[in-house]
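# Observations on chain architecture
The primary structure of each chain is shown beneath.
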Amino acid sequence: MSPVAQDFEQWRENVSTAFVPLDAVSTGPSSFEGTLVSSTLGALQLSEVTGREVDVRRTRATIRRSDPGLIKVGLQLGGCGSIVQNDREAVLHPGDFAVYDTSAPYELHFAGDFEMFVVMFPRDELRIDSRELTAVAARRIEGAHGVGALVSPFLHTLRRTAFDGTLPTTPMLEHAVLDLLCAALDDAAPHETPGSTLLIEAKSLVDTHLSDPALSTASIAGRLHISTRYLQKLFESDGRTVAGWIRSRRLDRCRRELRDPRCAADSIGTICARNGLVDSSNFSKLFKETYGVSPRHYRVG
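Residues numbered from 1 in each chain as written. Predicted model: local features only at pLDDT ≥ 70, side-chain atom pairs only at ≥ 80, totals over all residues. Heavy atoms only, no water.

## Considerations on the overall build of the protein chain
Condition: Strands here are runs of E lasting at least two residues and helices are runs of H or I lasting at least four, both read from the DSSP assignment and numbered beginning at the N terminus. Two things to know: the radius of gyration comes from C-alpha atoms, and the globule rule equals 2.2 Å times the number of residues to the power 0.38. Three exposure classes are used, based on accessible area relative to the maximum for each residue type with a 1.4 Å probe and protein chains only: buried under 20%, partly exposed in between, and exposed over 50%.
Secondary structure assignment for the protein chain yields 12 helices and 8 strands. For 301 residues, the compact-globule estimate of 2.2 N^0.38 gives 19 Å, and the C-alpha radius of gyration of the protein chain, at 20 Å, lies within 12% of that figure. Taking the principal axes of its C-alpha atoms as reference, the protein chain extends roughly 60 × 45 × 35 Å. Within the protein chain, buried positions represent 50% of all 301 residues.

## With respect to a negative patch on the surface
Counted only if it meets this: Only residues whose relative accessible area exceeds 30% and that form no salt bridge are eligible for patches; like-charged ones are grouped when within 9 Å, while nonpolar side chains (Val, Leu, Ile, Met, Phe, Trp, Tyr) are grouped when within 5 Å. Throughout, the Shrake-Rupley method with a 1.4 Å probe supplies accessible areas, and for residues the shown protein chains are the sole cover considered. Salt bridges are identified by distance alone: a Lys or Arg side-chain nitrogen within 4 Å of an Asp or Glu carboxyl oxygen. A residue counts as positive if it is Lys or Arg and as negative if it is Asp or Glu; His and the chain ends are not included. Each charge is placed at NZ for Lys, CZ for Arg, CG for Asp and CD for Glu.
A grouping of Asp 129, Glu 132, Asp 186 and Asp 187 is seen on the molecular surface, where their side chains present a negatively charged patch. For Glu 132, the position within the fold is in helix α3 (residues 130-136).

## Some details on the environment of Thr 102
Using the following cut-off: Under this definition, polar contacts are N or O atom pairs within 3.5 Å; protein pairs additionally need one hydrogen-donor-capable and one acceptor-capable atom, and for neighbouring residues in sequence, both atoms have to be side-chain atoms.
Mapped onto the elements, Thr 102 comes out in the loop between β7 (97-101) and β8 (106-122). With 32 residues separating them along the chain, Thr 102 and Leu 70 place their C-alpha atoms 5.6 Å apart. At 2.9 Å, the side chain of Thr 102 forms a polar contact with the backbone oxygen of Leu 70.

## Points about the packing of helix α4 (residues 148-164) against helix α5 (residues 171-188)
Our working definition: Orientation is described by lines fitted to C-alpha atoms, with helices fitted over the stretch in contact, and by angles between N-to-C directions that extend from 0 to 180 degrees. In this scheme, a crossing is called left-handed if the near helix is turned counterclockwise away from the far one by less than a right angle; it is called right-handed if the turn is clockwise. We call two residues contacting when some pair of their heavy atoms lies within 4.5 Å. For this classification, the nonpolar set comprises Ala, Val, Leu, Ile, Met, Phe, Trp, Tyr, Cys and Pro, the charged set comprises Asp, Glu, Lys and Arg, and every other residue, Gly included, is treated as polar.
α5 packs onto α4 with a crossing angle of 150° between their chain directions and a minimal axis gap of 10 Å. Here α4 and α5 pass one another in a crossing that is left-handed. Taken together, the residues of α5 that come into contact with α4 (itself represented by Val 151, Phe 154, Leu 155 and Leu 158) are Leu 173, Val 177, Leu 180, Leu 181 and Ala 184. Residues belonging to the contact of α4 with α5 are distributed by class as follows: 9 nonpolar, no polar and no charged.

## Comments concerning the side chain of Glu 257
Among the structural elements, Glu 257 can be located in helix α9 (residues 242-259). Aside from chain neighbours lying at most four places away, what touches Glu 257 is Cys 263, Ile 271, Arg 274 and Asn 275.

## A short note on the nonpolar core
As a reminder, the rule being used: In plain words, nonpolar cores are sets of buried Ala, Val, Leu, Ile, Met, Phe, Trp, Tyr and Cys residues tied together by side-chain atoms within 4.5 Å.
Among the nonpolar cores identified, the biggest contains 31 residues, and Leu 46 and Phe 121 are the most heavily contacted of them. Elements with a minimum of two residues in this core: β2 (35-41), β3 (44-58), β4 (70-78), β7, β8, α3, α4 and α5. No other element matches α5, which puts 7 residues into this core. For Leu 46, the residues in contact, after removing those within four places along its chain, are Val 37, Ser 38, Ser 39, Leu 41, Phe 117, Val 118, Val 119, Leu 158, Ala 162, Phe 163 and Leu 167. Val 56, Ile 83, Ala 90 and Leu 92 belong to the second largest nonpolar core, which has 27 residues in total.

## Describing the side chain of Arg 250
Tracing the chain through its elements places Arg 250 in helix α9. Within the buried set, Arg 250 has no salt-bridge partner at all; the shortest N-O distance to an opposite charge, 6.0 Å, is to Asp 212. Of the polar contacts made by the side chain of Arg 250, one reaches the backbone oxygen of Asp 212; its length is 2.6 Å. Within the local environment of Arg 250, its side chain forms a polar contact with the backbone oxygen of Asn 275, the two atoms lying 3.0 Å apart. The residues touching Arg 250, leaving out its near neighbours within four places in the chain, are His 209, Leu 210, Asp 212, Pro 213, Leu 215, Asn 275, Gly 276 and Leu 277.

## Thoughts on the packing of α9 against helix α11 (residues 280-291)
In plain terms, the rule: Should an angle lie under 35 degrees it is considered roughly parallel, over 145 roughly antiparallel, and from 65 to 115 roughly perpendicular; all remaining angles are considered oblique.
Following both chains from N to C, one finds α9 and α11 inclined at 90°, their axes separated by 11 Å at the closest point. Considering their axes alone, α9 and α11 lie roughly perpendicular with respect to each other. When α9 is examined against α11, the residues Arg 247, Leu 251, Asp 252, Cys 254, Arg 255 and Leu 258 are found in contact with a partner set consisting of Phe 283, Leu 286, Phe 287, Thr 290 and Tyr 291. Within the contact of α9 with α11, the residues separate by chemical class into 7 nonpolar, 1 polar and 3 charged.

## Some details on helix α7 (residues 217-224)
Helical periodicity: at 3.6 residues per turn, an α-helix aligns residues three or four positions apart in one direction. Selection rule: Working note: the arc is built from the helix axis to C-beta atom directions.
When α7 is considered as a whole, its buried residues turn out to be Thr 217, Ile 220, Ala 221 and Leu 224. The buried residues of α7 occupy an angular sector of 100° when the element is viewed end-on, so they sit on one face. Once α7 finishes, His 225 follows within two positions and takes phi at roughly 60°, a positive value.

See below:
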């Protein structure tokens, strides 16, 4: 089947209808074009979505509108995208995939042209418990390593056959898809450590207090009633530093707001100050070092 290009309003409405209620914002300066085509395999919905420069959010308000209890697996086919859920972000490149739960808030961010294959199915079809699902949601599963190297090509083939009319519609194939996905998620599940819950809490505190210029290792440790040394060790186990995490979250929030039409009237200084970065000249330097362009050039596209 040949997908038909849609403008942004039509695409946004069709995406919410095909999946679950969602909020979407076009973040690019150029006109939007996107496509959506779907097929089914038993209880599985198979969809190919394309578009450009868009943020998609599943909020608590949209969950209240409809919560059918579905799981989505997103395979990046083209471009780069990110999935954020449970204070975790998976940055996906072509061949990578991640799982996310429509019963909890999540965000999808695409800074350029993208193409994604989405497998959606009822929660009870995924044979892992809620705790395990929370642990693996929004974790990047690399298409070139481990079980992901087996599952990613399989998903590519599933996508091709779903839309060229050669997909076998047998229960065994449906079960095979779910079994492979469960295997990939089990492989991606982190080993629990005593500090894993504290690390999640610390990251959540960072996101909640980004606007506070005084946010620091000491202030977060104080809120968690732990020592700064222990907090640093928690972040080191995740390959980061506390200060580095705060900085990266602030820069990412600013990056999104610079392209958000709702913030178009705000100056760059206002945006960075709103996210706790009071030194606008230092912000510009950090932004360019991180993203390769100045905030002003990034804003105008």
